[in-house]
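# Residue-level structure breakdown
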Amino acid sequence: MTDQAPSLKEAYASRFRVGAAVNAATVHTHAHLLARHFSSVTPENEMKWERIHPAEDTYSFSAADQIVLFARDHGMFVRGHTLVWHNQTPSWVFLDSLGQPAPAKLVEARLEQHIAEVVGHYRGAALCWDVVNEAVIDQGDGWLRPSPWRQALGDDYIEMAFRLAHQADPDALLFYNDYNETKPDKRDRILRLLEHLLDRGVPVHGVGLQMHVSLDDPPIEEMEEAIERYRALGLRLHVTELDVSVYPWVHEPDRPQAPARPYDDELAERLAARYEALFALYLRHQDAIDNVTLWGVADDSTWRDDFPVKGRKDWPLLFDVHHRPKEAFWRVVRLAQN
Ligand code: HAH
């Protein structure tokens with residue numbers, strides 16, 4: 001049945017790649033959708049430090065390798081995700097042999113080794129990397145997140161990571177990736193960081209816009225303003241983690257989250273209209289955008305079921321829990337055909 005649906009990646013072939021995040025399971029269970037509709041993959045977790053480098057002398061490439069081999073067999077682009085992040089990084093990275101905070105030199109040597117090893121392993125296969133993920137704070141005073149990286153190495157850890165990644169693979173496209181990236185305050189902090197890196201001649205080539213959005217927020221105008229500001233830096237843009245939660249985005253810890261709700265035709269229609277507006281926005285900026293990646297393939301396997309509320313079913317993607325194209329899929333495809 002799904003074979004009768006037009007191919008999403010073909011509909012957008014002259015515009016930008018359309019990608020999906022996959023994991024060790026979905027690269028098999030969702031292979032039919034991936035092969036037909038997507039021209040790019042991002043490993044959801046399999047290249048993160050805790051998975052690929054769980055202990056000082058242990059690299060564990062096999063899960064990510066399977067995804068990369070799938071991509072090679074199907075002619076797909078691979079986005080490497082992610083080298084330096086405050087989450088999903090084991091604590092040993094920041095500790096010495098006595099369990100005390102490790103000296104900067106040791107953390108720096110580990111960072112250097114990790115990037116050389118991981119980027120080196122996927123050289124020529126992962127053509128782009130999210131080098132640094134989510135380094136900027138959401139709100140409040142200041143600029144950079146107080147992450148264990150910053151604590152160990154100071155603000156320069158960001159610059160260091162980009163230079164090391166460039167050394168490990170001079171041909172790879174290097175991205176800074178973040179969420180809430182269109183909120184004006186955070187956008188301005190991210191812009192400041194990117195300008196600072198560019199001024200210093202740091203090899204940063206693109207900005208990753210995660211775009212974990214909901215039905216009404218952020219407004220398209222806010223996203224468009226952010227895209228215009230980012231592209232004005234001369235950087236390439238990737239939409240790296242697109243999904244549309246059917247629940248409002250409540251980020252204040254003391255405000256209640258919306259209760260679980262059923263998925264019905266009205267919701268399907270609102271989701272379709274939202275996806276249509278998002279892809280219309282991307283099409284307006286297709287000369288700056290090279291890749292639009294969804295954070296998952298189909299609604300039966302999405303991180304949104306557990307974020308920000310554990311066990312609250314969500315329907316954020318273009319294919320339903322039975323892998324059938326949703327109304328949102330048809331609207332996105334039709335938009336490209338106009
Ligand atoms: C992303 N963080 C990460 O980049 C990705 O690696 C992970 O699998 C899922 C989401 C998003 C995020 C957010 O939207 C809000 C608060 C913290 C993190």
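Residues numbered from 1 in each chain as written. Predicted model: local features only at pLDDT ≥ 70, side-chain atom pairs only at ≥ 80, totals over all residues. Heavy atoms only, no water.

## Notes on the site of the ligand
- Neighbouring residues of the ligand: Lys48, His81, Trp85, Asn133, Glu134, Tyr179, Gln210, His212, Glu241, Trp295, Trp303 and Phe307.
- For the ligand, an oxygen atom lies 3.1 Å from a polar atom in the side chain of Asn133.
- At a separation of 3.3 Å, an oxygen atom of the ligand approaches a polar side-chain atom of Trp295.
- Relative to its unbound accessible surface of 430 Å², the ligand loses 87% to contact with the protein.
- When grouped by side-chain class, the residues that make up the shell around the ligand number five nonpolar, four polar and three charged. (Near = heavy atom within 4 Å. Polar contact = N/O pair within 3.5 Å; in protein donor to acceptor, adjacent residues only side chain to side chain. Areas by Shrake-Rupley, 256 points an atom, 1.4 Å probe, with all protein chains shown as cover. Nonpolar A, V, L, I, M, F, W, Y, C, P; charged D, E, K, R; others polar.)

## Some thoughts on the side chain of Arg145
- Structurally, Arg145 can be placed in the loop between strand E4 (128-133) and helix H7 (148-153).
- Despite its burial, Arg145 pairs with no opposite charge, the nearest such side chain being Asp138 at 4.0 Å.
- There is a polar contact of 3.5 Å between the side chain of Arg145 and the side chain of His86.
- Within the local environment of Arg145, its side chain forms a polar contact with the side chain of Tyr179, the two groups lying 3.2 Å apart.
- Beyond its immediate sequence surroundings of up to four residues, Arg145 is in contact with His86, Glu134, Ala135, Val136, Ile137, Asp138, Arg150 and Tyr179. (Helix = DSSP H or I, 4+ residues; strand = E, 2+ residues; numbered from the N terminus. Buried < 20%, exposed > 50% of the residue type's maximum accessible area, 1.4 Å probe, protein only. Lys, Arg positive; Asp, Glu negative; His and termini not counted. Salt bridge = Lys/Arg side-chain N within 4 Å of Asp/Glu carboxyl O. Contact = heavy atoms within 4.5 Å.)

## Observations concerning the UniProt feature "active site" (unreviewed entry) in the protein chain
- When the UniProt feature table is mapped onto this chain numbering, "active site" (unreviewed entry) sits at Glu241.
- Take Glu241: it is sitting in strand E8 (residues 236-245).
- Ignoring sequence-local partners within four residues, the contact set of Glu241 consists of His81, Asn177, Leu209, Gln210, Met211, His212, Thr293 and Trp295. (UniProt positions renumbered as here; feature names shortened; annotations may be inferred.)

## Looking at helix H10 (residues 220-231)
- With 12 residues, H10 extends 16 Å between its outermost C-alpha atoms, agreeing within 8% with the 16 Å of an ideal straight helix rising 1.5 Å per residue.
- Taken as a whole, H10 has its buried residues at Ile220, Glu222, Met223, Glu224, Ala226, Ile227 and Tyr230.
- On its buried side, H10 packs onto helix H9 (184-199), strand E6 (206-209), strand E7 (212-214), E8 and helix H11 (265-284). (Expected span 1.5 Å × (residues − 1).)

## Topic: the environment of Thr293
- Looking at the element boundaries, Thr293 is found in strand E9 (residues 289-294).
- Separated by 164 residues in sequence, Thr293 and Trp129 place their C-alpha atoms 14 Å apart.
- Once residues within four sequence positions are removed from consideration, Thr293 is found in contact with Gly19, Ala20, Ala21, Ser40, Thr42, Arg79, Val239, Thr240, Glu241 and Leu242.
- At a separation of 2.6 Å, a polar atom in the side chain of Thr293 contacts the side chain of Asn291.

## Overview of the pattern of salt bridges
- Under the criterion given, the structure shown has 28 salt bridges.
- Close ionic contact of Asp155 with Arg150 constitutes a salt bridge, the shortest N to O distance being 2.7 Å.
- Note that Asp306 is salt-bridged to Lys310, the shortest N-O span being 3.6 Å.
- Several salt bridges share partner residues, and in doing so they unite Arg187, Asp188, Glu225 and Arg229 into one network.

## Let's talk about the pairing of strand E1 (residues 17-22)
- Across the six residues that make up E1, a large majority, five, are buried.
- By the bridge criterion, four bridges tie E1 to E9 in an arrangement that is parallel. From the neighbouring strand, Arg17 faces E9, where its bridge partner is Asn291. (Pairing = 2+ DSSP bridges.)

## With respect to the packing of H10 against H11
- One can describe the packing of H10 onto H11 by two numbers: an axis separation of 11 Å at closest approach and a directional angle of 25 degrees. Compared by their axis directions, H10 and H11 come out roughly parallel. With respect to the hand of their crossing, H10 and H11 are arranged in right-handed fashion. From H10, Ile220, Met223, Glu224 and Ile227 reach across to H11, where they touch Arg274, Ala277, Leu278, Leu281 and Arg284.
- Looking at the contact of H10 with H11 residue by residue, the class counts come to six nonpolar, no polar and three charged. (Axes fitted to C-alpha atoms, helices over the stretch in contact; angles between N-to-C directions. Parallel < 35°, antiparallel > 145°, perpendicular 65-115°, else oblique. Left-handed = near helix turned anticlockwise from the far one by under 90°.)

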